[in-house]
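Listed below, chain by chain, are the residues.
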Amino acid sequence: MLNVKSGKISEAALLFDRYQLPIFNYFLSLNRNRMLADDLTQNVFEKMIKYSSSYNDQRKFKAWLFTIARNVNNDEYRKKVPSERSEEFCEIKSEANNAHELMEKSEKSQQLMAAINLLPDIEREIIVLTKLQKLKFSEVADIIGMNENTLKVKSHRCMKKLRSILINDIRYEY
Amino acid sequence: MNIEHLEDKMIAALEGELSATEYNALMDTIETDKELGLLWKSYESMYSDLNKLEMVQVCPESKSKFTEFLDKEIRATQSGKSPSSSKIISLVDWRRLSAIAAIFIGAIFIWNMGEGSLDNGGTLGNEKTTFAQAMQGSSSTEKIKVIRVSYDDNNLEIDNETIKLLFDVLRKDESSNVRLAVVESLSNYIDRSDVRAALLRSLDKEPDGFVKLAIIKSLSSRFNNEIENKFEGIVNDKANEKFIIDEVQKELFRHGSVQI
């Protein structure tokens, strides 16, 4: 990123290769729309170049990029009325070898995604960033603009709520 | 230890937040109760399945779209045109120009106001009359100009009558731009409890989302229990627009008071 900041824009291609997948999946988890997720991902990397001069190398690049992604998502949300928001559910790929395992795994993944999708936006975002994107609490706190300890408490509550949805609404078998 | 506390402990264990001693103590407690065992199993299974979630692959065209954009940026840099990364600099220039223009327009307007005041004897009372008159008959642009010059950052004193006039405009004016200018002007006096209270009340009646956002932003700068309660009411009222709820939730988050 420091190279991009210093004017070597071509280096942005490497960052795109490395972070395109997590950013795309972040948008997909929040919006459940592949085309939109793809457009928003492009938007994030364009903004990354546009605002490269404002990048502070004291801050972790991934957290900075996700902050841009979060702002892009909020801007997109503000543009739309609820009826325009797609309800396309997330499709989960699996690398399981055995067909039965593949089916079972995929079914469980879909149940989990369905439960995550039933959470309110902010709670879904916390789970997506901490569990799906596997970002550290300190990084998510930085992205969302929240105290790390407060985030941990919220995250615990989100997990309780997620379990409750899985058991009561989705009939998840464990 | 009640069940809720144990549930928190289980989550903390799965998040790796417990020490070995705490973890073992928890396991001992779980073993003694079948129900707790099932609860632990459900959390363990949920965490394990969450860890197995894999990312959805992106379509290959995404990369070519970005490469195309990147090539354009590189060409623009090489040919000396402004790439998007340097647009910020030109934006700053525009901001500077706009600021100079605004000062110039403001100066002319104040000079005109001064002329008018002198014609009427130049008293403060007359200026207020001019302000009230401008709010009644002028175009929205004129009103906005008057509202903006009514704030003097060298003199933060404002009398109750002017505040009342501004709130009257906020309640009654049909133009959302005028109301937005009023909120911006009133934000300079947000330290006053009467201004905060009146802004809180106006949140319920304000029909325009962007004016509401300006009020929310202004109130957030002086966050207190009353504002927190109001904000929580907005979040819980599903009749509110989504972007308003988002913004309020963001502010509640910022002040560490969101209830999930």
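Residues numbered from 1 in each chain as written. Chains lettered and ligands numbered in written order. Predicted model: local features only at pLDDT ≥ 70, side-chain atom pairs only at ≥ 80, totals over all residues. Heavy atoms only, no water.

Caption draft 1: Examining the overall build of chain A more closely. When its secondary structure is counted, chain A shows eight helices and zero strands. The order of helices and strands in chain A, counted from the N terminus, is α-α-α-α-α-α-α-α. Split into buried and exposed, the 174 residues of chain A put 54% on the buried side. Taking all contacts inside chain A whose residues are at least 6 apart in sequence as the whole, residues at least 24 apart take part in 65%. (Helix = DSSP H or I, 4+ residues; strand = E, 2+ residues; numbered from the N terminus. Buried < 20%, exposed > 50% of the residue type's maximum accessible area, 1.4 Å probe, protein only. Contact = heavy atoms within 4.5 Å.)

Caption draft 2: Expanded view of the nonpolar core. If you look at the biggest cluster of nonpolar residues, it comprises 79 residues, and the most contacted ones within it are F27, M48, F61, I116 and L162 of chain A together with M46 of chain B. A total of ten residues in this core trace back to one element, the largest contributor, which is helix α2 (residues 12-31) of chain A. When residues no more than four places from it in sequence are discounted, the contact partners of I116 of chain A are R124, I127, V128, L132 and L162 of chain A together with L50 and L53 of chain B. Formed by 40 residues, the second largest nonpolar core is a distinct cluster that contains V169, V182, L186 and V248 of chain B. (Core = buried A, V, L, I, M, F, W, Y, C linked by side-chain atoms within 4.5 Å.)

Caption draft 3: Broad picture of the packing of aromatic side chains. Scanning the entire structure with this criterion turns up eleven aromatic pairs over all chains. Residues F45 of chain A and F66 of chain B carry aromatic rings whose centres are separated by 5.8 Å and whose planes lie at 70° to one another, so their mutual orientation is edge-to-face. With one member in each of two chains, F45 of chain A in helix α3 (residues 34-50) and F66 of chain B in helix α4 (residues 61-78) form a pair that bridges those chains. Like F66 of chain B, F45 of chain A is buried. Judged by centre distance (6.0 Å) and plane angle (40°), the ring pair of F61 of chain A and W64 of chain A falls under tilted. (Phe/Tyr/Trp six-rings, centres within 6.5 Å; stacked < 30°, edge-to-face > 60°.)

Caption draft 4: Local environment of helix α7 (residues 137-144) of chain A. All names here are of chain A. Here α7 lies mainly inside the structure; six of its eight residues are buried. Residues of α7 that are buried include every one of F137, E139, V140, A141, I143 and I144, and no others. Phi turns positive one or two residues past the end of α7, at G145, with a value near 80°.

Caption draft 5: Layout of the interface of chain A and chain B. The interface of chain A with chain B comprises 64 residues on the first partner and 49 residues on the second. Where chain A packs against chain B, one counts five salt bridges. The salt bridge involving D39 of chain A is made with K65 of chain B; its shortest N-O contact spans 3.7 Å. Counting every contact that joins chain A to chain B gives eight residue pairs in polar contact (both at pLDDT 80 or more). For the side of chain A that touches chain B, the secondary-structure elements that each account for two or more residues are α2, α3, α4 (61-79), α5 (99-117), α6 (121-132) and α8 (148-170) of chain A. No other element matches the twelve residues that α8 of chain A contributes to the side of chain A that touches chain B. The residue makeup of the side of chain A that touches chain B, split by class, is 29 nonpolar, 13 polar and 22 charged. (Salt bridge = Lys/Arg side-chain N within 4 Å of Asp/Glu carboxyl O. Polar contact = N/O pair within 3.5 Å; in protein donor to acceptor, adjacent residues only side chain to side chain. Nonpolar A, V, L, I, M, F, W, Y, C, P; charged D, E, K, R; others polar.)

Caption draft 6: Quick look at the packing of α6 of chain A against α8 of chain A. Residues and elements named next belong to chain A. Running from amino to carboxyl end, α6 crosses α8 at an angle of 100°, the nearest separation of the two axes being 10 Å. Between α6 and α8, the angle falls in the class roughly perpendicular. On the side of α6, the interface is formed by E123, I126, I127 and K131, while α8 contributes L151, K154, S155, C158, M159, K161 and L162. Taken together, the residues that form the contact of α6 with α8 break down as six nonpolar, one polar and four charged. (Axes fitted to C-alpha atoms, helices over the stretch in contact; angles between N-to-C directions. Parallel < 35°, antiparallel > 145°, perpendicular 65-115°, else oblique.)

Caption draft 7: Representation of the pattern of salt bridges. Residue and element names in this part refer to chain B. All told, the structure shown has 19 salt bridges over all chains when counted by the stated rule. Across the pair R171 and D168 runs a salt bridge whose closest N-O atoms are separated by 2.5 Å. Of this pair, R171 and D168 are both found in helix α8 (residues 160-172), three residues apart, which corresponds to roughly one turn of the helix. A residue is classified by how much of its surface remains accessible, and R171, at 54% relative accessible area, is exposed. With a shortest N-O distance of 3.8 Å, K250 and E247 are connected by a salt bridge. Taken together, the residues span about one helical turn, with K250 and E247 both in helix α13 (residues 242-254) at a distance of three residues.

Caption draft 8: Broad picture of α4 of chain B. With 18 residues, α4 of chain B extends 26 Å from end C-alpha to end C-alpha; this agrees with the ideal 26 Å at 1.5 Å per step. Taken as a whole, α4 of chain B has its buried residues at S62, F66, F69, L70, E73 and A76 of chain B. The buried residues of α4 of chain B occupy an angular sector of 120° when the element is viewed end-on, so they sit on one face. Those residues of α4 of chain B that are exposed and aimed more than 90 degrees away from the buried face are E68, K72, R75 and Q78 of chain B. Elements that come into contact with the buried residues of α4 of chain B comprise α2 and α3 of chain A. (Expected span 1.5 Å × (residues − 1). Arc of directions from axis to C-beta.)

Caption draft 9: The side chain of E7 of chain B, seen in detail. Structurally, the position occupied by E7 of chain B is in helix α1 (residues 3-14). The side chain of E7 of chain B sits in the buried core without any salt bridge; R163 of chain A is the nearest counter-charge, 4.3 Å away. Dropping the residues within four chain positions of it, E7 of chain B is found in contact with K160 and R163 of chain A together with L39 and Y43 of chain B. (Lys, Arg positive; Asp, Glu negative; His and termini not counted.)

Caption draft 10: Molecular detail of the confidence of the model for chain B. Residue and element names in this part refer to chain B. In this model, chain B carries an average pLDDT of 77, and 75% of its residues clear a pLDDT of 70 or more. The spread of mean pLDDT over the elements of chain B runs between helix α5 (residues 87-119), the lowest at 54, and helix α2 (residues 20-31), the highest at 92. Below a pLDDT of 50 lies the segment residues 86-92, which in the model reaches three contacts outside its immediate sequence neighbourhood of four places, other chains included. In this model, residues 114-125 is a region of pLDDT below 50 whose contacts with residues beyond four sequence positions or in other chains number five contacts. Note on the complex model: pTM 0.52, ipTM 0.76. (pLDDT = per-residue confidence, 0-100.)

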